[in-house]
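Summary of the model geometry
Residue-level listing of the chains:
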Amino acid sequence: MERWPALELASTIRHDGDGGVVDDLATVQGLTHWIQEQGDLLAGHIAAGELTADEELRLGIIELRQAVRALFARAVSPAPPSPADAHRLMRPDRATAHLNAVAAREPVAPQLDWPDEEAPGARVLSAETDPRVRLLAALARAAIGFLTGPQRTQLRSCTAPRCVRYFVKSHGRQEWCKPSCGNRARAARHYRRRRAVADDGSAAPSATSAGPASD
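Heads up: these notes are all about the structure in this document. (Residues numbered from 1 in each chain as written. Predicted model: local features only at pLDDT ≥ 70, side-chain atom pairs only at ≥ 80, totals over all residues. Heavy atoms only, no water.)

**Comments concerning the side chain of E106**
Note the following rule: For the purposes of this entry, the term helix denotes a DSSP run of H or I that reaches at least four residues, the term strand denotes a run of E that reaches at least two, and both are numbered from the N terminus. Exposure classes here rest on a 1.4 Å probe applied to the protein chains alone. A residue is buried below 20% of its type maximum, exposed above 50%, and partly exposed in between. The contact criterion used is simple: two residues touch if any of their non-hydrogen atoms lie within 4.5 Å.
With respect to the secondary-structure elements, E106 resides in the loop between α5 (92-103) and β3 (108-113). Using a relative accessible area of 5% as the deciding quantity, one classes E106 as buried. What E106 contacts, discounting residues up to four positions off in sequence, is S126, E128, V133, R134, A137, A138 and R141.

Printed below as a string of structure tokens:
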């Protein structure tokens, strides 16, 4: 399954499996673990073991995540956004400005790479020496790429009970981010239907109480 850094960042706010919401970046240790998990996506931007996470970096990535999630909410509109932060979203204009500002912190230049008898490719050359700046800028550029690419039109907010994830719709009939969410949504829908039938039945007058009593 294809992965996108912007979606991975947004998904650090998720359902905890017990009716609540958990933030994977709530601590420096959590941020360190998340960066390690994204090693394949961040290759070329930061080297393994090069970056030591700290509180300043954690706060910077959280602010960037707020901007990304605000723009994800705009992308899925008029459908409702993730309920995790729908009541406290950053304004879209502020989110856009923040994303652009973070991306601009690292001046980069594309470099053509064309080995003998191989297809040409491109890599990004940076003179920035601070790996924290490179990480933040790389995540911001990835978010810009995501929001200006074809994935944006397929972005959805999962509507399953208790789920707070955004996901990229991979086929025409997909309604939820994963099968377990689909099972939960169908179970909830079935329960609502049974409850509605039961309520209708209890509201109907009984045969013994209908009509006037006979003498």
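**Re a negative patch on the surface**
Heads up, the rule is: Nonpolar side chains (Val, Leu, Ile, Met, Phe, Trp, Tyr) within 5 Å and like charges within 9 Å form the patches, drawn only from residues with over 30% relative accessible area and no salt bridge. Only the protein chains shown count as cover for residues, and all accessible areas are computed by the Shrake-Rupley method using a 1.4 Å probe. By definition here, a salt bridge exists when the distance from a side-chain nitrogen of Lys or Arg to a carboxyl oxygen of Asp or Glu is within 4 Å. Charged residues are defined narrowly, with Lys and Arg counted positive, Asp and Glu counted negative, and His plus the chain ends left uncounted. By convention, the charge on Lys lies at NZ, on Arg at CZ, on Asp at CG and on Glu at CD.
Negative charge collects at one region of the surface, where D113, D116, E117 and E118 lie side by side. Inspection of the secondary structure assignment puts E117 in the loop between β3 and β4 (121-126). The exposure class assigned to E117 is exposed, which follows from its relative accessible area of 86%.

**Observations regarding the packing of aromatic side chains**
Within a pair of aromatic rings, the relevant descriptors are the distance that separates the centres and the angle that separates the planes. Note the following rule: Aromatic pairing here means that ring centres of Phe, Tyr or Trp (its six-membered ring) are within 6.5 Å. Orientation follows from the plane angle: under 30 degrees is stacked, over 60 is edge-to-face, and everything else is tilted.
Applying the stated criterion to the full structure yields three aromatic pairs. When the ring of W4 is compared with that of F146, the centres are 5.9 Å apart and the planes differ by 80 degrees; the resulting orientation is edge-to-face. Of this pair, W4 sits in the segment before α1 (5-10) while F146 sits in helix α6 (residues 131-147), and the two are 142 residues apart along the sequence. Assessed through its relative accessible area of 16%, W4 is described here as buried. The class for F146 is buried, based on a relative accessible area of 2%. Geometrically, the ring pair formed by F72 and F146 is tilted, given 5.3 Å between the ring centres and 35 degrees between the ring planes. With F72 in helix α4 (residues 55-76) and F146 in helix α6, the pair connects residues that are 74 residues apart, well separated along the chain.

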